[in-house]
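Structural overview for review
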Amino acid sequence: FGATALATSSPLLLAQEPLLQVGAERRLRLHNLHTGERINEVFWAEGQYLSEGIQSINRLLRDHRCNQSTLMDKQLLNVLIQLQDKLGYSGEIEVISGYRSPQTNDMLRQQNHNVSEHSLHIKGKAMDIRIPGYSVKDVFKSASHLQAGGVGKYPRSSFVHIDTGRVRYWG
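Residues numbered from 1 in each chain as written. Predicted model: local features only at pLDDT ≥ 70, side-chain atom pairs only at ≥ 80, totals over all residues. Heavy atoms only, no water.

1. Concerning the side chain of Gln84
- Structurally, the position occupied by Gln84 is in helix α4 (residues 74–87).
- On the basis of relative accessibility, which here comes to 6%, the residue Gln84 falls in the buried class.
- In this structure Gln84 touches Arg27, Leu28, Tyr89, Ser90 and Ile93, once residues within four positions along its chain are discounted. (Helix = DSSP H or I, 4+ residues; strand = E, 2+ residues; numbered from the N terminus. Buried < 20%, exposed > 50% of the residue type's maximum accessible area, 1.4 Å probe, protein only. Contact = heavy atoms within 4.5 Å.)

If you want it as structure tokens, here you go:
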């Protein structure tokens, strides 16, 4: 961080925020593959989170099975921005899964033993994504280099899991 970042951010905020340009606008282009919905939303500008952008992202990342949403972890959104920057990508990110209600998570666990009982999807701290034009291996490698949380590779299902839990890798 430069002097500007130190002057405009508290130490606590610095510890929680990823290494992003302080004054830069943060925009996500997301496509929910289950609902077909697309957004192109600014969620950070002029040094603050924008409630309208955050609400729009939360709505898109809702559990489509029960139409329930939650407040997604802003750090997760920032990790997506970092991942895009690392890849040099500004297009749409395809979302396979964002928030999951506990009921949906239990149902998925019964179908697939790889679904965690205490999934961070339930807490709004995880997403399963694809980035068009990039292999699962390349997205996994770039996300892993960020060391911002958990990263899982699912090549057979063609997606990468990212979360803001402890740093760990699998797949």
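Don't stop here, the text continues.
2. Some remarks on the sheet that holds strand β6 (residues 150–154)
- Within the open sheet, the 8 strands sit side by side as β3-β2-β1-β4-β5-β7-β6-β8. Their pairing is mixed. In this open sheet, the two strands that pair with only one neighbour each are β3 (48–49) and β8 (168–170).
- In the sheet, β6 pairs with strand β7 (residues 159–163) via 4 bridges, with the strands oriented antiparallel. Across the sheet, the residue bridging to Tyr154 is Phe159, located in β7.
- Packed onto the sheet, helix α3 (residues 51–60) meets β1 (26–32), β2 (38–45), β3 and β4 (93–97) and runs at close to 140° relative to β2.
- Helix α6 (residues 136–146) contacts β6, β7 and β8 of the sheet and is inclined by roughly 170° relative to β6. (Pairing = 2+ DSSP bridges. Axes fitted to C-alpha atoms, helices over the stretch in contact; angles between N-to-C directions.)

3. A word on the packing of aromatic side chains
- Per the counting criterion, the structure on display carries 4 aromatic pairs.
- Taking 5.7 Å as the distance between ring centres and 90° as the angle between the ring planes, the aromatic pair formed by Tyr89 and Tyr134 counts as edge-to-face. One end of the pair, Tyr89, is in the loop between α4 and β4; the other, Tyr134, is in the loop between β5 (126–130) and α6, and 45 residues separate them in sequence.
- For Tyr89, a relative accessible area of 15% gives the class buried.
- On the basis of an interplanar angle of 20° and a centroid distance of 4.7 Å, the ring pair of Tyr154 and Phe159 is categorised as stacked.
- Under the relative-accessibility criterion, Phe159 is labelled buried at 13%.
- Site record: aromatic cluster; members linked through ring pairs are Phe43, Trp44 and Tyr49.
- The ring of Tyr49 carries the charged tip of Lys74 above its face, separated from the ring centre by 5.5 Å.
- Lys153 extends its terminal NZ or CZ atom over the ring of Phe140, reaching a point 4.9 Å from the ring centre. (Phe/Tyr/Trp six-rings, centres within 6.5 Å; stacked < 30°, edge-to-face > 60°. Lys NZ or Arg CZ within 6 Å of the ring centre and 35° of its normal.)

4. Remarks on the packing of α4 against α6
- At a minimum axis separation of 10 Å, α4 and α6 run at an interaxial angle of 120°. The interaxial crossing formed by α4 with α6 has right-handed handedness. Where α4 approaches α6, its residues Val79, Gln82, Leu83, Lys86 and Leu87 are matched on the opposing element by Asp138, Val139, Ser142, Ala143, His145 and Leu146.
- In terms of residue class, the contact of α4 with α6 is made up of 6 nonpolar, 3 polar and 2 charged. (Left-handed = near helix turned anticlockwise from the far one by under 90°. Nonpolar A, V, L, I, M, F, W, Y, C, P; charged D, E, K, R; others polar.)

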